[in-house]
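As a plain string of letters, each chain reads:
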There are 2 protein chains.
Amino acid sequence: MRDTLDGRWAEIRRVTREELRRPELAPGTAMPTEEHRERVMEQLKLLGSTEGPRLLFPEAYGGGGDLGGAVTSFETLAMGDLSLLVKAGVQFGLFGGAIMNLGNEEHRSTLLPKVMTAELPGCFAMTETGHGSDVAKLRTTATYDAASDELIIHTPDEDARKDYIGNAARDGRMAVVFCQLVTGSGSHGVHGVLVPIRDESGDPIPGVTISDCGHKAGLNGVDNGRLSFAGVRVPRTNLLDRYGSISEDGTYRSRIDDEGRRFFTTLGTLVQGRISVSGAALSAAKVGLAIAVRYGLVRRQFEAPGADREIVLLDYRQHQRRLLPLVATTYALHAAQESLVAELDESFDGAALAAGEDADIPDRRVLESMAAGIKTATTWHATHAIQTAREACGGAGYLSENRLPELKADTDVFTTFEGDNTVLLQLVAKGLLTDFRDEFSSLDTIGTVRFVADQVVETVVERTAARRLLRIITSAVPGRDDDADFRDRDWQLELFAWREEHIVSSVARRLQRAMGDGGDPFEAFNDAQDHVLAAAQAHIDRVVLERFCAQIEACADTEVAALLSKLRDLHVLSLVERERGWFLEHGRLSASRSKAITAEINRLCAELREHAQLLVDAWAIPDEVLAAPIALGAERDRQDAKYDGA
Amino acid sequence: MRDTLDGRWAEIRRVTREELRRPELAPGTAMPTEEHRERVMEQLKLLGSTEGPRLLFPEAYGGGGDLGGAVTSFETLAMGDLSLLVKAGVQFGLFGGAIMNLGNEEHRSTLLPKVMTAELPGCFAMTETGHGSDVAKLRTTATYDAASDELIIHTPDEDARKDYIGNAARDGRMAVVFCQLVTGSGSHGVHGVLVPIRDESGDPIPGVTISDCGHKAGLNGVDNGRLSFAGVRVPRTNLLDRYGSISEDGTYRSRIDDEGRRFFTTLGTLVQGRISVSGAALSAAKVGLAIAVRYGLVRRQFEAPGADREIVLLDYRQHQRRLLPLVATTYALHAAQESLVAELDESFDGAALAAGEDADIPDRRVLESMAAGIKTATTWHATHAIQTAREACGGAGYLSENRLPELKADTDVFTTFEGDNTVLLQLVAKGLLTDFRDEFSSLDTIGTVRFVADQVVETVVERTAARRLLRIITSAVPGRDDDADFRDRDWQLELFAWREEHIVSSVARRLQRAMGDGGDPFEAFNDAQDHVLAAAQAHIDRVVLERFCAQIEACADTEVAALLSKLRDLHVLSLVERERGWFLEHGRLSASRSKAITAEINRLCAELREHAQLLVDAWAIPDEVLAAPIALGAERDRQDAKYDGA
């Protein structure tokens with residue numbers, strides 16, 4: 001099972017797991033903030049001496065040239081201290097990624113070698129206090145001053161200060177600051193500019209004000225801070241100018257004329273960050289579930305009549321129902337994540353970038369939509385799974401030594417950062433809705449985190465072929481359901497696809513109707529917002545299932561494949577049970593079939609309970625990072641001692 | 001609105017709120033553990049000089065003799081630092097409550113005056129490492145030694161050490177230790193014994209080993225610890241002997257012959273603890289929701305086409321749907337909690353206790369079941385509401401200064417302590433199932449936190465009148481549904497009652513069938529566990545709704561009553577929407593009615609959005625304890641400055 005899960009980057013997973021066993025990299029539990037920050041900075045430097053971060057960068061700059069491997073290494077690292085993970089994500093992924101993807105050859109060759117060793121600690125300064133989700137509306141400015149050939153970086157007011165910026169409060173020396181670029185010919189939208197923020201001795205550069213975001217729910221090993229700029233001057237050449245440059249005579253030039261499209265292209269090159277967070281969330285969920293399942297296999301409570309020993313928690317049906325469907329969904333998401341990483345890897349050609357063969361604007365719309373969708377699924381899943389794991393461990397789960405408190409607190413912001421999940425779902429929905437336009441071709445209605453209504457409602461839905469929608473919505477419900485086996489993969493796939501198509505079509509039709517008599521686009525969209533989000537959710541559910549099925553199909557070991565199929569059944573039926581209201585409303589489940597699903601889930605839980613240990617051990621979390629005494633036999637040892645003594 | 005909510009103990013709420021405004025009682029956010037513990041101990045002493053804790057105790061011992069007022073004061077205190085709340089709960093409610101309810105006149109008159117001032121810090125040592133939920137199986141022993149007329153307190157092994165004990169690691173001087181009481185005539189079950197654990201200088205008493213549970217997810221101002229006893233001797237008179245005593249000649253006597261019944265009576269007197277936690281959870285949920293709603297009313301993000309300013313978050317439908325149903329359910333639970341406190345108050349006669357008029361064994365089965373049920377509802381609600389509030393505030397909700405991280409971490413264990421919610425739900429279910437027995441009369445099948453199967457399945461279900469069950473299950477579904485107004489209170493009440501009766505009956509019948517052919521009781525129960533829990537949930541939902549309706553009925557102000565009715569509608573319909581799968585399966589909702597409910601919820605959200613500020617302000621949380629800058633206008637001020645400057 002482990003071989004199947006480890007997949008294409010198995011060797012990188014293995015090496016990273018070994019690295020994680022080093023005592024210096026052990027999770028820093030419940031440390032004072034300053035001490036934790038210092039420790040994590042030391043760990044970052046240590047990490048900078050290993051292979052993992054180098055994989056991210058092309059060989060031409062001393063890197064390893066294996067983007068998929070880099071993301072996989074990062075995912076594995078997330079089994080340990082998540083503060084280190086996020087610090088590494090900021091340094092290598094965001095700061096380094098921005099230089100690699102948005103900079104020019106000069107930027108890459110001079111800076112990347114110092115980025116990948118953490119010799120130059122840097123920040124990715126995009127979010128502002130007033131603009132987290134709507135980043136196109138950032139208000140920090142970079143104004144070109146022709147006289148001095150410099151850019152002037154300026155924060156107009158407190159609302160425009162850079163906020164929540166990792167690496168800013170303590171360690172960062174340089175930041176990629178995202179600003180509205182202004183030249184003599186006007187404003188050209190958001191661009192990244194390299195801005196030194198601290199000098200060699202660690203003091204802020206004159207004009208740069210740095211403050212500390214202070215204590216957070218978790219991730220306190222990361223020094224999040226706020227940055228304000230009072231007319232700070234940097235050379236024109238500090239502009240990361242892959243998609244928009246200023247020539248020596250002060251003329252702005254871009255290969256992409258449309259400002260909106262240019263912005264989305266800029267953001268699109270950073271898709272790896274979202275995919276990395278998604279993988280990290282999944283690893284954290286695995287750690288939480290592994291702890292709870294292992295504890296559930298040894299912790300006993302309450303005697304059954306006539307039994308000589310108390311009952312193991314995982315023998316209770318309710319305990320199985322709490323944990324095992326979450327294990328199954330973790331497996332499904334693992335498969336989806338693995339395929340997403342492979343797609344990212346294929347979409348990126350670092351060697352071409354280094355060789356200056358950069359004529360094509362990368363079109364990553366499909367990848368971006370997929371990354372957004374899967375990120376919402378994995379991060380919400382992690383939040384839910386870790387919370388459930390904590391509760392399933394009772395009081396023991398509340399003690400920091402058992403890791404669940406820190407896991408919960410650290411991952412809680414994953415649903416918010418690298419794109420708020422609700423906003424990302426709207427992005428996914430937008431992609432689905434705009435697919436209805438036959439003539440769809442330009443970038444400007446997708447690849448964006450902007451509010452959906454303005455484009456979808458106005459330009460898309462009006463033109464959608466109404467007949468096609470109606471056909472889908474009114475088409476007869478497939479009739480073979482009553483005979484179908486709940487464990488039939490093809491039935492499951494068809495069910496999920498049908499649900500997606502039905503919801504997407506009915507949302508599109510609803511928006512069409514609302515706009516039909518000259519309705520207000522914001523109101524039309526806002527009225528349907530819950531429906532729009534449901535469409536995106538149904539889409540993601542279908543995609544995840546398809547990818548899980550593909551993984552099982554590819555699995556050569558029949559025993560492993562059979563076990564994975566049971567996990568797929570449990571994942572699917574748990575979701576159908578949760579959503580059975582919808583299926584019943586739409587005539588796709590009869591009342592008796594719906595009740596039968598609950599019974600089938602109970603059977604599946606009982607079957608999988610026998611494999612529970614194997615299922616969590618297959619995630620191969622080293623004991624050194626699992627760390628929780630309750631997961632490492634402390635409970636069993638104590639209980640055995642009790643019975644030996646009795 | 002505030003007057004309606006403040007209810008019977010309005011003056012006590014007002015006074016406690018004023019106390020909470022004192023700077024010394026401000027929440028201790030993100031402090032180092034040792035500093036936080038010291039601060040909370042100082043706060044506890046300060047609290048000991050106020051009226052609140054005295055209310056708990058009869059006037060004869062210098063108390064205020066107002067149990068309902070004491071619980072209400074405690075509930076209000078929970079708007080502030082929850083570490084102080086829990087420390088106070090341990091000191092006054094558990095330690096003091098055990099002495100008051102389980103001790104004799106001598107215990108009460110000598111100890112209570114020092115308990116209520118916190119001069120004698122104490123512990124409630126029930127939970128053991130190996131037994132948290134199944135406390136009847138505790139293994140610490142108190143063995144009577146006739147020669148010395150002493151009790152010998154002993155911990156047989158590590159599994160039997162007292163664990164998670166509040167006030168133990170740093171401050172406690174004395175503990176009520178729950179032990180199996182053993183005399184020459186045998187074992188008599190669990191009893192409480194007063195055991196000194198530290199001397200005047202703070203050192204552990206010889207034979208007592210104290211260790212620290214260390215850092216926890218939250219509540220780090222409380223010094224939870226572990227206690228082990230190596231043959232520690234205390235005078236016989238240290239036994240809290242209200243329900244079981246040892247006379248001078250060494251004879252054990254109890255007014256309650258059955259050991260099980262004696263144990264449940266002992267536990268039953270401690271019901272106030274569970275009710276107090278329930279109220280505290282509700283207060284914490286109010287603080288979290290107040291922060292999120294206030295932020296949602298000023299935070300803006302994304303422009304609508306043609307608008308000159310960005311849209312306020314709470315104008316988005318999805319944001320309304322996330323927060324407003326939680327506000328509505330908080331109102332419903334508030335009413336249920338208030339009525340529960342009134343029942344507790346009526347059930348307790350402190351003056352009679354002090355006067356020695358203690359002939360009757362209190363029968364609190366109904367109150368206990370109600371307390372257990374409402375505690376599960378309020379604590380799960382708090383966990384969910386605070387998590388949602390955090391997410392609704394995005395990155396700002398992740399900063400400790402905005403209180404949500406600490407609220408989340410502190411309250412997370414509420415679902416576990418004072419009875420794990422899943423175990424409590426089984427207790428509620430047991431009460432429901434045993435109600436089917438006409439001949440039901442003894443205590444021993446209710447009032448217990450023990451595993452349900454042994455009694456329900458074996459002794460109850462077999463005898464239940466099968467005909468009655470069948471009648472309920474097969475009775476025609478009421479036919480008037482299609483005409484009923486979703487906002488018709490009587491329709492709502494009937495719907496909830498019908499659901500409860502249906503689920504309870506079908507569980508009973510299922511257990512009957514499973515046992516019919518000589519089935520194993522554990523398997524029969526375990527097979528139906530999810531169904532059993534659903535029965536308890538349906539019962540609690542019905543009770544909460546009835547109590548909310550009663551509160552609205554009693555409200556003289558028609559405007560307030562109308563607003564409360566809207567909240568009731570939203571609370572009810574949100575629950576029906578969540579459970580619509582069940583209603584559809586059981587023919588109680590048609591597909592079109594079910595869809596119409598979603599539309600009605602959206603309308604209700606839009607109607608209530610206009611009152612959002614009023615609804616959270618009515619909870620009267622003082623600014624000093626609300627504390628979060630994002631809830632106190634920081635966001636609005638910043639945005640206004642931006643627009644003034646633009």
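What you see is a predicted model; the values in this text were computed from it and never measured.

Caption draft 1: Quick peek at the side chain of Arg-294 of chain A. Relative to the elements of secondary structure, Arg-294 of chain A occurs in helix α8 (residues 271-298). The residues contacting Arg-294 of chain A, other than those within four sequence positions of it, are Gln-613, Val-616, Asp-617, Asp-623, Leu-626, Ala-631 and Leu-632 of chain A.

Caption draft 2: Examining the packing of helix α9 (residues 317-347) of chain A against helix α18 (residues 529-554) of chain B more closely. In contact at an axis separation of 7 Å, α9 of chain A and α18 of chain B are set at 90° when each is read in the N-to-C sense. As summarised for this structure, α9 of chain A and α18 of chain B are arranged roughly perpendicular, according to the angle between their axes. Contacts from Arg-317, Gln-318 and Arg-321 of chain A of α9 of chain A reach α18 of chain B at Gln-529, Asp-530 and Leu-533 of chain B. For the contact of α9 of chain A with α18 of chain B, the class distribution of residues is 1 nonpolar, 2 polar and 3 charged.

Caption draft 3: Region of the structure containing the packing of helix α19 (residues 558-578) of chain B against helix α21 (residues 591-609) of chain B. Residue and element names in this part refer to chain B. As a packed pair, α19 and α21 sit with axes 10 Å apart at the nearest point and diverge in direction by 145°. Pair α19 / α21 crosses with left-handed handedness. Contacts between α19 and α21 pair Leu-563, Lys-566, Leu-567, Asp-569, Leu-570, Leu-573, Ser-574, Val-576 and Glu-577 from the former with Ile-597, Thr-598, Glu-600, Ile-601, Leu-604, Cys-605, Glu-607 and Leu-608 from the latter. Residue composition of the contact of α19 with α21, by class: 10 nonpolar, 2 polar and 5 charged.

Caption draft 4: Region of interest: the sheet that holds strand β7 (residues 208-212) of chain B. Residues and elements named next belong to chain B. Ordered by their spatial adjacency, 3 strands build an open sheet running β4-β8-β7, and the pairing between neighbours is antiparallel. Here the strands that pair on one side only, and so sit at the sheet edges, are β4 (162-165) and β7. Between one strand axis and the next, the sheet turns by 20° as a mean value, whatever way the strands run. Where β7 lies against strand β8 (residues 225-229), 5 bridges are found, and the strand directions are antiparallel. Counterpart to Ile-210 in the pairing with β8 is Leu-227.

Caption draft 5: Spotlight on the nonpolar core. Counting residues in hydrophobic clusters, the biggest one holds 350 residues, and the most contacted among them are Tyr-331 of chain A together with Tyr-331 of chain B. The element best represented in this core is α8 of chain A, accounting for 16 residues. If near-sequence neighbours (up to four positions away) are discounted, Tyr-331 of chain B is found in contact with Met-1, Leu-5, Phe-548, Leu-564, Leu-567, Leu-615, Ala-618 and Trp-619 of chain B.

Rules behind the numbers
Residues numbered from 1 in each chain as written. Chains lettered and ligands numbered in written order. Predicted model: local features only at pLDDT ≥ 70, side-chain atom pairs only at ≥ 80, totals over all residues. Heavy atoms only, no water. Helix = DSSP H or I, 4+ residues; strand = E, 2+ residues; numbered from the N terminus. Contact = heavy atoms within 4.5 Å. Axes fitted to C-alpha atoms, helices over the stretch in contact; angles between N-to-C directions. Parallel < 35°, antiparallel > 145°, perpendicular 65-115°, else oblique. Nonpolar A, V, L, I, M, F, W, Y, C, P; charged D, E, K, R; others polar. Left-handed = near helix turned anticlockwise from the far one by under 90°. Pairing = 2+ DSSP bridges. Core = buried A, V, L, I, M, F, W, Y, C linked by side-chain atoms within 4.5 Å. Buried < 20%, exposed > 50% of the residue type's maximum accessible area, 1.4 Å probe, protein only.

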